[in-house]
Protein chains: 2
Amino acid sequence: MANAIRSLSMDAVEKANSGHPGLPMGCADIATVLFTKVMKFDPADSKWADRDRFVLSAGHGSMLLYSSLYLLGYEDMTIDQIKNFRQLNSKTAGHPEYHFAQGIETTTGPLGQGVGNAVGMAVAEAKLAAEFGADLVDHHTWCLAGDGCLMEGISQEAISLAGHLKLNKLTIIWDNNNITIDGAVSNSDSTDQIARFKASGWNTIEVDGHDQDAVEKALLAAKASDLPTLVAAKTTIGFGAPKKAGSEKVHGSPLGAEELAGAKAALGITYPAFEIPSETLSAWRAAGTRSQNVRGEWQSRLAASAKKDEFERRMNGTLPAGFLEAMDTYKKKLSEDKPKVASRKASQMALEVINKAVPETLGGSADLTGSNLTNTPETLPFTAEDRTGRYMRYGIREHGMAAAMNGIALHGGLIPYGGTFMVFTDYARPAIRLSALMGQRVIYVMTHDSIGLGEDGPTHQPVEHLSALRAIPNLLVFRPADAVETAECWQLAMESETAPAILALSRQNLPTVRTEYTMENKSARGAYTLVGDLDAEAVIFATGSEVAIAIEGMKALAEKGISARVVSVPSMELFAKQPDAYRAEVLGKAKARVAIEAGISMSWDKLLGDKGRFVGMNSFGASGPIDDLYAFFGLTPKAIVEAVTAQL
Amino acid sequence: MANAIRSLSMDAVEKANSGHPGLPMGCADIATVLFTKVMKFDPADSKWADRDRFVLSAGHGSMLLYSSLYLLGYEDMTIDQIKNFRQLNSKTAGHPEYHFAQGIETTTGPLGQGVGNAVGMAVAEAKLAAEFGADLVDHHTWCLAGDGCLMEGISQEAISLAGHLKLNKLTIIWDNNNITIDGAVSNSDSTDQIARFKASGWNTIEVDGHDQDAVEKALLAAKASDLPTLVAAKTTIGFGAPKKAGSEKVHGSPLGAEELAGAKAALGITYPAFEIPSETLSAWRAAGTRSQNVRGEWQSRLAASAKKDEFERRMNGTLPAGFLEAMDTYKKKLSEDKPKVASRKASQMALEVINKAVPETLGGSADLTGSNLTNTPETLPFTAEDRTGRYMRYGIREHGMAAAMNGIALHGGLIPYGGTFMVFTDYARPAIRLSALMGQRVIYVMTHDSIGLGEDGPTHQPVEHLSALRAIPNLLVFRPADAVETAECWQLAMESETAPAILALSRQNLPTVRTEYTMENKSARGAYTLVGDLDAEAVIFATGSEVAIAIEGMKALAEKGISARVVSVPSMELFAKQPDAYRAEVLGKAKARVAIEAGISMSWDKLLGDKGRFVGMNSFGASGPIDDLYAFFGLTPKAIVEAVTAQL
């Protein structure tokens, strides 16, 4: 049965003339045991909520997964898809792409990410099991990782978090093949991985990855452990290839006709390319159906459960009925109270409403809770001892946090949000990109969003980050101006089912600028005229903490007899999606156009056009009190007045 | 003597009403031993090449360093600077900023970075010692790291690399205080750090961080070890503060008047704020001078050394005399040969010239040597056994690689370059930002720079990365169009003494477009007219692999009777620095303006202006053969023709 994986993988890579045969050949025995004997899933219902999750962290070995999905009988994974490996518009992309085919639980390829995703999935399972009971939620997360995954720093963040949280339903299978792209692992690494995982509180098991019985025993022992388990499986990369097995030559290129023929001969594969003997295929397909009864029993339990509706709502990702009303009531109150608070504080105030109305939020922070203000009365910690908690103490692990949040969102049933300083989006960027690529509802609460954080200085002050984040496709970047916009942006982030959101929030206090209540979520338009007449001589665009400065600029212009209008731009992405007529109205025909933002101009250039002027940063920041910094870098009403008058 | 650090640190944080007193108070004993008894340095010559390096990876504890520098007698660290802690334009920024004051060896604050820097410094030391002998190079690197540094994934990359390379002249002192910002370390981490470091091949020593004799013994034992050493120093954060010591409350805010008075009383500090008793100050100052004889002897050895001139050239960062001529000869040959090669291959060809002419390059790759083509005949590996090697096998550790390269550059005497796939600049981004902030000559060889890499798909295809990198201040982003431009850009990167460089290089073959030799380095202008008349009706801007497509577009336009000009833009940053007249000439007054680049438009918006059109990407990429992808995403001569004709 393992040879079926090997032959399909070799054939597909050969036909595509591109791809990675080494891992599928080396891990075929492991995958065979895992998929045909150990894991719980049903190809007939690939989204079954209580299925085991499988994460191929070593995503370059995608043919291992595609071959297995085909063999197990997932209906969309046809032999034609296998034959179209790595071709445009096939389901069998170079690396596994979430959404492309059933049974692909996450997009992998950037190494180490899958380990973080798997930790998040195991967190979600534990949390939902605590909420809904083992009758409805009781499954395991399996992650296949290579040496590359384990060398990436993110793996340390993930495994130390998993060990700390004693995520016993998580198993990492390490494809221990001693080979990296550049040659022997020993060229670049001497880590004792067993000792390393033990140091992080893991159970460890060593096994011969080509001894299927031993692998089965190891995986079952891992499943039974009360700790997360590393199964270190000794394998031969490119197992079966007569000349290239065990070397880096078989990692990432087709075998070539001769070596392929030799491999098939050595493995006893006598059938033609892309053809699996019916006996073998039948055995695989039968294995694919073996959890059908278990699923049937589960569905009966669900049907009989008092928690059925809530469970289904949660797994469907639909927000609860009371959410909109709670947000609206809260917005009304804000416009009356007109609080002058930092938008990070406004975020916490919004979260107090959200966490009360929406039980599926799972908050957290990378050890900056008191700064990010990501906690509310509801957010007791999720710990090894108490899985009912709604708050992840992620530790100083921004990258691991983001990858885990991807896993939590992918698992379903929970909406993860997590905080750190905005400048540290850089640490989490590869995982943020994957949130966007996979279209996951992950909410990044990024506080201290400019030089406005003051004394901590340039290492902590985002300057290029707003532009750099806006550059990522399918990512919503929100920078609200006051408590009302913060509530609106939080609502939009919660409602965004196919794109992650960044909330860029200030450290410093901001006055309420949306003093008149509107039921309409104005931030949903991305940009709107906050104050001033449409036919004003000047238009001033601003976001976040600079909106209040823009209003001061407008007043200063008025004193000079120049009329101006202020447009708040909480989200450039949403504004870009508005109808042309609305965009034209907001952009207007003012003679002078200025934008102010405490960051670089890049993402503003298009909106400003040839004649517009930008008031912002063009260098790194500096350490000093906030008022000194805003004055030093010229983020002032005066600078707005000068930019406008220069144009008029 | 340790109380002198504590009192200055408490006073400075209190006066600034901002900062982190906890670490300086907790680590004062360690710093006292390290600076007054163990380390080799001379405040009178802060750039002495053979000094020990100290890295405060836990950069928030900056007052520990500033206090020590003042006490040791570094002349620019006056008491007024201490009093101006965290004020604009002081040398005593919130976090230590390289360049700001003598004795600050690197900019720290983003956690874990200093650990990577220290590894790089130790690599540089070992390499230079092998080249110049222990007579000239024989010093130690000391790094003080907190729990946050060790939780960050980058620390795992750094320590596993250091352990593998047996960097015995490296010591990490772990400020083991059990506290993070959110509370007890045990809230978020249970790692057995001793076991973890041992698993990476480190020597480990545990010590009471407040027992100065024990600390001295531990540090000397670390220095004598034949392995890198972790000194796990048990400390009390905020040592001496009566109510807040040992808790997170003393980490990142001033003590407050009452607690400060209590701490001083408890510590027996009777002298006024910012005043150190002359006896104590004298003892510190005497300690500061204790390596003067050692330095004198070293200078005598240098003066007598046959390697003096070369050593000084290397440490000054001056390129060797033959470099320019070698590059020029090579360029001439290229314009004659007109090779059609990928720019990653062209980069290797350039490196073959550079590595022969410039002995101080230290190459490497994050396990993608055969893809990045960062190797040449000169680049034998730098290993635990052979320190003469010129190539770092960084392993799958992009972030650790970048941070180590920062350390290598900061150490001096070497020019580091390192490769990975362009998309994985995201993994290294926090360290790339620090290269730019510190203005270090670090060269990032980033291959596979667009959808042109083909089948690996969207996880491996940079789309937003060119814009996102151009967004970082003081970073030179080069995207050369052919082998000639690649040589020119490499030359510019080598000559860039105050800014790091990214070389964005293609996987696919590119024709030589610079077929006529010019002595002038045209890429130095950032953008220039490659082909066509200045008064053409259309101007087409392009970079890298799209320049050849732009030329095809120009030809297609000519067939339609439309004249066009192609401008190659190897570096937007350098173009932005050109005189207005030159910029105006290149931009020209063509009726149609188009840019083509296999990335998003953001960084082009300014140059394109209101009427310009962009041919590029506005989504993630896809998996497929390159030709299919370029056609699918419309990166074609036809799209250029359409964009031009739509404008005319």
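Residues numbered from 1 in each chain as written. Chains lettered and ligands numbered in written order. Predicted model: local features only at pLDDT ≥ 70, side-chain atom pairs only at ≥ 80, totals over all residues. Heavy atoms only, no water.

**A look at the domain arrangement of chain A**
Residues and elements named next belong to chain A. Convention followed: The domain limits used here are those given by an automatic or database domain assignment. Contacts are residue-level and defined by heavy atoms, with any inter-residue pair within 4.5 Å sufficient. One speaks of a salt bridge when a side-chain nitrogen belonging to Lys or Arg is within 4 Å of a carboxyl oxygen belonging to Asp or Glu. Pairing of N or O atoms within 3.5 Å defines a polar contact, subject to two protein rules: one partner must be a possible hydrogen donor and the other a possible acceptor, and residues neighboring in sequence count only if both atoms are side-chain atoms.
For chain A, the assigned domains are domain 1 (1-296), domain 2 (322-511) and domain 3 (524-646). Contacts between the two partners involve 28 residues from domain 2 and, on the opposite side, 34 residues from domain 3. As a salt-bridge pair, R479 and E546 come within 2.7 Å of each other at their nearest N and O atoms. At the boundary of domain 2 with domain 3, the tally comes to 16 residue pairs in polar contact (both at pLDDT 80 or more).

**So, the pairing of strand β18 (residues 564-568) of chain A**
Residue and element names in this part refer to chain A. For clarity, the cut-off: To sort residues, take the accessible area from a 1.4 Å probe on protein chains only and compare it with the maximum for the residue type: under 20% means buried, over 50% means exposed, and anything in between is partly exposed. For helices the rule is a DSSP run of H or I covering at least 4 residues; for strands it is a run of E covering at least 2, with both sets numbered from the N terminus onward. Strands were regarded as paired on the criterion that DSSP finds at least two bridges between them. When the strands point away from the viewer, a crossover counts as right-handed if the path from the first strand over the helix to the second runs clockwise.
Among the five residues in β18, five count as buried, and that is most of the element. Covered by surrounding structure in β18 are A564, V566 and S568 together with R565 and V567, the residues of both alternating faces. For strand β16 (residues 528-531) and β18, the ladder comprises three bridges, and the chain directions are antiparallel. The residue bridging T529 from the neighbouring strand is V567, located in β18. Examined bridge by bridge, strand β17 (residues 538-542) and β18 share five bridges and lie parallel to one another. Note on β18: the bridge partner recorded for I540 is V566. Read as a crossover between parallel neighbours, the route from β17 over helix α21 (residues 547-559) to β18 is right-handed.

**As for the UniProt feature "binding site: substrate" (unreviewed entry) in chain A**
Residues and elements named next belong to chain A. Going by this rule: UniProt positions are given in the numbering used here, feature names are shortened, and annotations may be inferred rather than shown by experiment.
Per the UniProt record, "binding site: substrate" (unreviewed entry) is annotated on H20, H251, R344, S371, H448, D456, H460 and R507. Over a stretch of 488 residues, the named residues are scattered through the fold, their C-alpha atoms separated by up to 48.1 Å. With respect to the helices, strands and loops of the structure, S371 is situated in helix α16 (residues 369-372). Every residue in contact with S371, bar those within four places of it in the chain, is listed here: R344, F421, T447 and H448. Mapping H448 onto the fold places it in the loop between β12 (443-447) and α19 (465-470). At a separation of 2.8 Å, a polar atom in the side chain of H448 contacts the side chain of T447.

**Thoughts on the relation of the copies chain A and chain B**
Heads up, the condition is: Here the copies were fitted onto each other by least squares, based on C-alpha atoms from residues at pLDDT of at least 70 in both.
Taken as rigid bodies, chain A and chain B are interconverted by a rotation of 180 degrees and an axial shift of 0.0 Å, the fit giving an RMSD of 0.0 Å. In symmetry terms, the pair is related by a two-fold rotation axis. Identified as the residue of chain A closest to the rotation axis by C-alpha distance is G153(A), at 1.9 Å.

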